[in-house]
Amino acid sequence: MEKNREIPSTNYRIHNCHVHLFSIDHIPAYFINGLISTRRAKQLAGKKTLAKALLKIFKGKFNRYSAFLYSALNEPEDIFKELIAYYPSNTRFVPLSVDFDYMEAGMPIRPYLKQLEDLAALREKYPDLLFPFVSADPRRPDVTSLVRDYIETKGFYGIKMYPALGFFPQDPRLHELYAW
């Protein structure tokens with residue numbers, strides 16, 4: 001699909017409820033695999049030439065990974081600006097943060113709290129378009145306070161939980177958050 005084309009207007013509003021606006025710097029060092037770190041992948045990709053080549057070479061096979069890398073080489077706002085070019089102007093977006101800090105795949109260059117700051121800044125800049133969710137991982141100390149702060153004072157709209165990163169939704173450390 002071509003971006004930046006004229007998109008027909010709609011009588012309804014689209015809500016894209018699953019958007020990730022984090023860059024490769026927010027992703028754990030060994031998220032892609034155990035052999036090549038995200039830092040090395042970023043160096044290899046340079047100015048996206050490797051990612052573009054992979055998209056062409058492996059179209060239909062590995063393009064999910066090369067598209068992920070291509071997108072992740074951008075800053076969150078650039079990712080968002082590219083994304084909105086594909087949608088009608090009245091579309092709303094729900095970026096989901098992901099707390100990768102405890103998944104034991106190496107620390108990201110920009111840890112989770114920086115990811116939240118980046119999302120909060122985007123929320124402030126695009127208040128009518130972005131409705132972010134804060135990720136809750138029970139392994140994070142004082143996770144309830146963190147979630148409450150981002151929802152009550154920083155304009156976040158909900159909670160994202162991703163147990164596939166290594167926790168159970170019934171973890172007792174989440175009881176306080178559930179009670180809130």
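Everything numeric here is computed off the predicted structure, so don't read it as measured data.

Kindly report on the nonpolar core, identifying the contributing residues and their values.
Within the largest apolar cluster, 23 residues are counted, with the highest numbers of intra-cluster contacts made by L21, L116, L130, V134, Y150 and F156. Counting only elements with at least two residues in this core, the list comes to helix 4 (76-84), helix 5 (112-125) and helix 6 (143-152). No other element matches helix 5, which puts 5 residues into this core. In this view, Y150 contacts L113, L116, E117, A120, V134, G155 and F156; residues no more than four positions away in its chain are not counted. If you look at the next biggest cluster of nonpolar residues, it comprises 8 residues, including I27, A72, F100 and L165.

Can you tell me about helix 5, naming the residues and giving the values?
For an α-helix the count is 3.6 residues per turn, leaving residues at separations of three or four pointing the same way. A rise of 1.5 Å per residue sets the reference length of helix 5, with its 14 residues, at 20 Å; its end C-alpha atoms lie 20 Å apart and thus fit the reference within 8%. Buried within helix 5 we find Y112, Q115, L116, D118, L119, A120, L122 and R123. Where helix 5 is buried, its residues touch helix 4, strand 2 (92-95), strand 3 (133-135) and helix 6.

Could you give me a rundown of the pattern of salt bridges, with the residues and numbers involved?
Considering all chains together, one arrives at 12 salt bridges under this definition. The salt bridge partner of R140 is D99, with a shortest N-O separation of 2.7 Å. With R140 in the loop between strand 3 and helix 6 and D99 in the loop between strand 2 and helix 5, the pair connects residues that are 41 residues apart, well separated along the chain. By the burial criterion, R140 is buried, and D99 matches it. What you see here is one network of salt bridges that share partners, running through D25, E75, R110, K114 and D118.

Go over unusual backbone geometry, please, and point to the residues and values.
Unusually for a residue other than glycine, E104 sits at a positive phi of about 60 degrees. The residue E104 is located in the loop between strand 2 and helix 5 in this model. Positive phi, close to 55 degrees, is recorded for D142, a residue that is not glycine.

Procedures and definitions
Residues numbered from 1 in each chain as written. Predicted model: local features only at pLDDT ≥ 70, side-chain atom pairs only at ≥ 80, totals over all residues. Heavy atoms only, no water. Core = buried A, V, L, I, M, F, W, Y, C linked by side-chain atoms within 4.5 Å. Buried < 20%, exposed > 50% of the residue type's maximum accessible area, 1.4 Å probe, protein only. Helix = DSSP H or I, 4+ residues; strand = E, 2+ residues; numbered from the N terminus. Contact = heavy atoms within 4.5 Å. Expected span 1.5 Å × (residues − 1). Salt bridge = Lys/Arg side-chain N within 4 Å of Asp/Glu carboxyl O.

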